There are 4 protein chains.
Amino acid sequence: MKTALFGAGRIGKVHAASVQADPRSELVAVADVVPAAADALAQAFGIAARAADEILADPSVDAILVASSTDTHADLIEAALGAGKAVFCEKPIDLDLARALDVRRVALAQERPVMMGFNRRFDPNFAALKAALDAGEIGRGELLSVTSFDPAPPPVEYIKVSGGLFRDMTIHDFDMCAFLFGMPATVMAHGANLVDPAIGAAGDIDTGIVVLSYADGRMATIRNSRRAPYGYDQRVEVLGSKGLLGAENERETTLSKATAAGVVSAKPVHFFLERYMRAYAIEWAAFVDAVRDGKPVPATVQDGVNALALAEAANRSLSEGRPVALTPDMTGI
Amino acid sequence: MKTALFGAGRIGKVHAASVQADPRSELVAVADVVPAAADALAQAFGIAARAADEILADPSVDAILVASSTDTHADLIEAALGAGKAVFCEKPIDLDLARALDVRRVALAQERPVMMGFNRRFDPNFAALKAALDAGEIGRGELLSVTSFDPAPPPVEYIKVSGGLFRDMTIHDFDMCAFLFGMPATVMAHGANLVDPAIGAAGDIDTGIVVLSYADGRMATIRNSRRAPYGYDQRVEVLGSKGLLGAENERETTLSKATAAGVVSAKPVHFFLERYMRAYAIEWAAFVDAVRDGKPVPATVQDGVNALALAEAANRSLSEGRPVALTPDMTGI
Amino acid sequence: MKTALFGAGRIGKVHAASVQADPRSELVAVADVVPAAADALAQAFGIAARAADEILADPSVDAILVASSTDTHADLIEAALGAGKAVFCEKPIDLDLARALDVRRVALAQERPVMMGFNRRFDPNFAALKAALDAGEIGRGELLSVTSFDPAPPPVEYIKVSGGLFRDMTIHDFDMCAFLFGMPATVMAHGANLVDPAIGAAGDIDTGIVVLSYADGRMATIRNSRRAPYGYDQRVEVLGSKGLLGAENERETTLSKATAAGVVSAKPVHFFLERYMRAYAIEWAAFVDAVRDGKPVPATVQDGVNALALAEAANRSLSEGRPVALTPDMTGI
Amino acid sequence: MKTALFGAGRIGKVHAASVQADPRSELVAVADVVPAAADALAQAFGIAARAADEILADPSVDAILVASSTDTHADLIEAALGAGKAVFCEKPIDLDLARALDVRRVALAQERPVMMGFNRRFDPNFAALKAALDAGEIGRGELLSVTSFDPAPPPVEYIKVSGGLFRDMTIHDFDMCAFLFGMPATVMAHGANLVDPAIGAAGDIDTGIVVLSYADGRMATIRNSRRAPYGYDQRVEVLGSKGLLGAENERETTLSKATAAGVVSAKPVHFFLERYMRAYAIEWAAFVDAVRDGKPVPATVQDGVNALALAEAANRSLSEGRPVALTPDMTGI
């Protein structure tokens, strides 16, 4: 599967490695608005940096991997689909829900696979939790709890263009809830600026709690913070009618040291690249499965819209101080 | 310290054992509305079952331990104080907040110690967490999370007189939040009837999520269920500016078994008596400290009012579907 | 069961509390070579300190609890049995194997129960491991590993009269191996003086490894040290044909703290009294079961002889630098 | 660094992937006594299968990676060194200690780096343990314990040519002891045939315990079994004067499931390829560091000889039933 990469930044490099590591796919071109970045990555893989238009016009290219900045996602998905390419796109579709709903309509109107990069669905720990839940190992799921703390806040310049905590960071947790429990009826959001005053000055929060209520009584909580000095904290827990499933953090090593001062173990792996390294490779394999073998796309544009609709509802809830209902116009379904 | 026990039921027996185990206190009398129950417990301890009035009139009795049914707590506290006795009373003061506020006024108007039986404050795990938090070991506390699942729901007959989930079960968790973080500004409650339809038919919920928001931005979540088939699940976690504190469940044993089917460890201890056995003894010692040595009462009538006010706010929030603010008239402060 | 205690030291006090806590037994007298010690303990329990001879001659006394110094054990067991009393005796029977074999003959020649205080058999963790092993949960046991480290070495004055590491400390581990795997064919011992030079100067070792080889090919290792700065380290592990059983240390609390410096958990409980508090109570109940209800004695004089024979073999192995076979003259069986 | 691979079997493929993944090295040729195997692997990497002689004669080849059968190692190391190549060779050098000592002399007589594939030294868990030990974090190391159980025994045909448990399997554990504690003074070995009677019929053991005694009193134990139904069990523990270091198994996932049946966690990763995947990559990077940058070789031919000498001593100890001293003629030092 001949694949072209749009976006030669950090996450683009991660995906490029996955493309090359899978014997069924091959990286054939790279484009970036910063030509030097495109050239450097292209050179490392022995391929060519090309203009985006040229790549889209090349009939030998099977798939486009969109890892460019968020504001380009929607246009690139549409352009790639228009050119008959399969598309893998990093989340989110767009910061604007209406624009995402446009892309959804475009995607529904044609048949090429489009997959959103919700990498956590492919984390072996969370995937094992999902499998056990779906197999009924704890009966019916009732209370879902997602913990998601970043090790440290990003620069405030990033915050300003991020779309805010719920669309930038919680979006992954909204998708995890949708992945495990489906779409809720209402969203209640709480937030505070506790980590960095500059984030508050930029109009954003850095600490949040979101409660999702489902029509059948199930409930989910998401806990977010931009700061966890001990590492990247990514946990999921589900209480069911017959038991409890929990996926814990991965640790840097399995070493422990017991002294008079206590028993010290290693910290959680510090960064998303380490934690989700395996997930990125599995995710890419799933995309190749979909494009080459017609298997179902495991993270669709609808999933992308759903997560964004939950973020939108959370933002409204936070500003209005009350639960907000999800409505069909928010998700198209 | 000569101590008389009012209430010869299950929790009364637990406390009676603590009284006798502490060399500084002595059980001298027991009263119960069921004479046979009082006689049986009295006989086991080689003491006399007596009428409540008679006990209160006996100047040799130093302290009254109230472990009778909830609807008698307020009257007994007032009567015991009127008789000049120190009082230890099981939670709650009363199911009615106004009545609890009455008791608060009575208690404030005199000097004998009154202590509420919030046993979890004395659990060595939670007490160690509190000590570490207060010592600044994780900087400033920001996000508090309390998990409190009972192993199995009580009979629906109990539910009907319990005052509802928030006043019966969550009251302990409200106190834990107040113990660790103080009193919040607002309470948002979510609930569902997922465990036993009979509980719903009785007008109660059996599954709940409560979010407490503090004036300074800190937040706390409480997760409750009346059913955890793997045992009594009692955990507390605090994210702070410099780290994370977590108090996990105690397990039945430290045995693990690794086979082709996985690695199996022991379950959490199954019942509150096992989990909090040490806490009950430590709690009683703290009461003796207060009565004999004038040390501060570590769980006051005000604490009892506070927890009840949070339950009241949660009930209002649940019925109105919006956050409810704590007001001075609810706590007297 | 009217019980008299011989020996009012630390371990005597522990047992006295167990006697009183069991509603079926009652402490009626105490004797000690130090009259003040006997008086203090007797007073705390509201009973009388009496001379040993007088106690033995008192027909109302049912059982003798021997917790005096090791060199008195053998004589007191024989005297108590001669007086028709049931006997519970702290380990070891004697430091001299021949003397222990004498006691064994005396005990076999009469019918009163004699139980040795191998408390670790009653630790809930090790007892659960034994139950799982006997139930075949890991198939056939093949490799047994016992880790037993004391938090800190005793004073060298104690070492000098202790009988040496193998008879004083490893004796518990020998019994654990016999409890779980039965008696081996050969013993190979290794030892070193690494902790305290004064222990070496006193002719003893403070660090030891013993390998037991069974006639059917099973093997067991014991690891001992007089020093584990992080607490009392008591673990047992069995590899079987179908899996692995492991009993871990009990921790002081379940608290953990994650910071940039790592994840810190509580240490193992620091001392044998804390770790084996529950075991002592269960052990005593088993003795009462045997005396009152005729149940089998779960730690017999033969068990005491067996552990001592293993210590004797280990001493010979260490001095001769070769494996030593257990022979019938060493155990009487 | 242009690298040629000798041996296109399972472990050869693992190393080939490491070579390609390191940007500093490149796989340029492959040789195997089974031409089809060489062709298949060569094709997968887009390179050529060539005859070994031809490769050795090619001056453009910088390094030879020996992953062929054990009986070819010694000859290939010598041949490669004779051709002026750097050599990375899988353990062991040879099953015969005398032959390994020959290779040692050849390697010492020239300057090209030769590195032995003791992959466990590069496992992040064990490497972290080594670093903590060397940094004095637990004071002086005193008792080392290595647990090494394979998930299932190999076919008996493999056993017959393996050189026996100590040279085939324990060799890794001997190296781990040497890596952490250096070379001991004496070796005492115990063994049994408990897993598969066919292994016993082939003259080998499948279960072993080895005790290493050091001149300064330190001791180490190795526990081996060819069968651990729950997975590949690889643990190391060191008791030191100030604490305990332990490196635990890596688990398949971090998922746990709590139900009425207990708390089930994932098993250790099942096979050496999964457990040591990271180690193989780090190991290769260390070899490239040595060849390109002149850094010290972290696992030398001397280390290979040392591990083999310990295996030889263990075999003698097992057959003679006594501790066997390491002598300079066994290690060349």
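Because the structure is a prediction, the values reported are computed rather than measured. (Residues numbered from 1 in each chain as written. Chains lettered and ligands numbered in written order. Predicted model: local features only at pLDDT ≥ 70, side-chain atom pairs only at ≥ 80, totals over all residues.)

**Brief notes about the overall build of chain A**
So, step 1. A count of helical and extended segments in chain A gives 14 helices and 15 strands.
So, step 2. For the C-alpha atoms alone, the extent of chain A along its principal axes is close to 60 × 55 × 45 Å.
So, step 3. Classification of the 333 residues of chain A by burial places 58% in the buried group. (Helix = DSSP H or I, 4+ residues; strand = E, 2+ residues; numbered from the N terminus. Buried ≥ 20, exposed ≤ 12 C-beta atoms within 10 Å, placed from the backbone.)

**Here's the deal with the interface of chain B and chain A**
So, step 1. With 28 residues of chain B in contact, the opposing surface of chain A contributes 28 residues.
So, step 2. Counting only elements with at least two residues in the side of chain B that touches chain A, the list comes to strand E7 (141–149), strand E8 (186–192), strand E9 (207–213), strand E10 (219–225) and strand E12 (243–247) of chain B.
So, step 3. In terms of residue class, the side of chain B that touches chain A is built from 14 nonpolar, ten polar and four charged. (Contact = placed C-beta atoms within 7 Å. Nonpolar A, V, L, I, M, F, W, Y, C, P; charged D, E, K, R; others polar.)

**Quick word on the interface of chain B and chain C**
So, step 1. At the junction of the two partners, chain B supplies 23 residues and chain C supplies 23 residues.
So, step 2. Put simply, the parts of the chain that give the side of chain B that touches chain C at least two residues each are helix H6 (124–134), E12 and strand E13 (255–259) of chain B.
So, step 3. Within the side of chain B that touches chain C, the residues separate by chemical class into ten nonpolar, eight polar and five charged.
So, step 4. Two elements, E13 of chain B and strand E12 (residues 243–247) of chain C, share five bridges in a ladder whose sense is antiparallel. By the bridge assignment, serine 256 of chain B is partnered in E12 of chain C with glycine 246 of chain C. (Pairing = 2+ DSSP bridges.)

**Focus on the environment of threonine 259 of chain D**
So, step 1. With respect to the secondary-structure elements, threonine 259 of chain D resides in strand E13 (residues 255–259).
So, step 2. Overall, threonine 259 of chain D belongs to the buried group, with 20 C-beta atoms counted inside 10 Å.
So, step 3. Taking the C-alpha atoms as reference, threonine 259 of chain D lies 41 Å from phenylalanine 174 of chain D; in sequence the two are 85 residues apart.
So, step 4. With sequence-adjacent residues up to four places away left out, threonine 259 of chain D is seen in contact with Ile138, Lys242 and Gly243 of chain A together with Pro229 and Tyr230 of chain B.

**Considering the relation of the copies chain B and chain C**
So, step 1. Here chain B sits on chain C after a turn of 180° about the axis and a move of 0.0 Å along it, with an RMSD of 0.0 Å. In short, the pair behaves as if placed about a two-fold rotation axis.
So, step 2. A share of 100% of interface residues in chain B that are also interface residues in chain C marks the association as one of identical surfaces. (Least-squares fit on C-alpha atoms with pLDDT ≥ 70 in both.)

**Some thoughts on the sheet that holds strand E4 (residues 63–66) of chain B**
So, step 1. One open sheet holds the six strands; their spatial order is E3-E2-E1-E4-E5-E6 (chain B), and the pairing between them is parallel. Each edge of the open sheet carries a strand with a single partner, namely strand E3 (48–49) and strand E6 (114–116) of chain B.

**Things to note about the pairing of strand E5 (residues 86–89) of chain B**
Residues and elements named next belong to chain B.
So, step 1. Side-chain alternation along E5 places Ala86 and Phe88 on one buried face and Val87 and Cys89 on a second face that is also buried.
So, step 2. Note: E4 against E5, four bridges, orientation parallel. Bridge assignment links valine 66 to a residue of E5, and that residue is cysteine 89.
So, step 3. Crossover E4 to E5 through helix H4 (residues 70–82) is right-handed.
So, step 4. Of the pairings in the sheet, the one linking E5 to E6 comprises three bridges and is parallel in character. (Right-handed = clockwise from strand over helix to strand, strands pointing away.)

**With respect to the packing of helix H5 (residues 97–108) of chain D against helix H13 (residues 301–320) of chain D**
Residue and element names in this part refer to chain D.
So, step 1. Remark: H5 packs on H13, axes separated minimally by 10 Å, with the N-to-C direction vectors making an angle of 165°. Comparing the axis directions of H5 and H13 gives the class roughly antiparallel. The way H5 lies across H13 gives a crossing that is left-handed. Contacts from Leu97, Ala100, Leu101, Val103, Arg104 and Ala107 of H5 reach H13 at Val301, Gln302, Gly304, Val305, Leu308, Ala309 and Glu312.
So, step 2. When its residues are assigned to classes, the contact of H5 with H13 shows nine nonpolar, two polar and two charged. (Axes fitted to C-alpha atoms, helices over the stretch in contact; angles between N-to-C directions. Parallel < 35°, antiparallel > 145°, perpendicular 65-115°, else oblique. Left-handed = near helix turned anticlockwise from the far one by under 90°.)

**Here we look at the nonpolar core**
So, step 1. With 443 residues, the main nonpolar core has Ala4 and Cys177 of chain A, Ala4 and Cys177 of chain B, Cys177 of chain C together with Ala4 and Cys177 of chain D as its most contacted residues.
So, step 2. With near-sequence residues (within four places) excluded, cysteine 177 of chain C lies in contact with Leu144, Val146, Leu212, Ala220 and Ile222 of chain C. (Core = buried A, V, L, I, M, F, W, Y, C linked by C-beta atoms within 7 Å.)

**Some details on helix H4 (residues 70–82) of chain D**
Residues and elements named next belong to chain D.
So, step 1. Between its terminal C-alpha atoms H4 stretches 19 Å, which fits the 18 Å expected from 13 residues at 1.5 Å a residue.
So, step 2. The largest bend in H4 amounts to roughly 25° and is located at leucine 76.
So, step 3. All buried positions along H4 are accounted for by His73, Ala74, Leu76, Ile77, Ala80 and Leu81.
So, step 4. The inward-facing, buried residues of H4 abut strand E1 (2–6), helix H3 (52–57), strand E4 (63–66), strand E5 (86–89), H5 and strand E6 (114–116).
So, step 5. Glycine 84, located one to two residues past H4, shows a positive phi value of around 80°. (Expected span 1.5 Å × (residues − 1). Bend = angle between axes of the 7 residues up to and from the residue.)

**Some remarks on the domain arrangement of chain A**
All names here are of chain A.
So, step 1. The domain boundaries assigned to chain A delineate domain 1 (2–112) and domain 2 (121–331).
So, step 2. Using C-alpha coordinates to define each centre, domain 1 is positioned 25 Å away from domain 2.
So, step 3. Facing the 22 residues of domain 1 at the interface are 20 residues of domain 2.
So, step 4. Within the residue set of the side of domain 1 that touches domain 2, elements represented by two or more residues are helix H1 (10–21), strand E5 (86–89) and helix H5 (97–108).
So, step 5. If one sorts the elements of the side of domain 1 that touches domain 2 by residue count, H5 sits on top with six residues.
So, step 6. Across the side of domain 1 that touches domain 2, the residue classes tally to 14 nonpolar, three polar and five charged. (Domains from an automatic or database assignment.)

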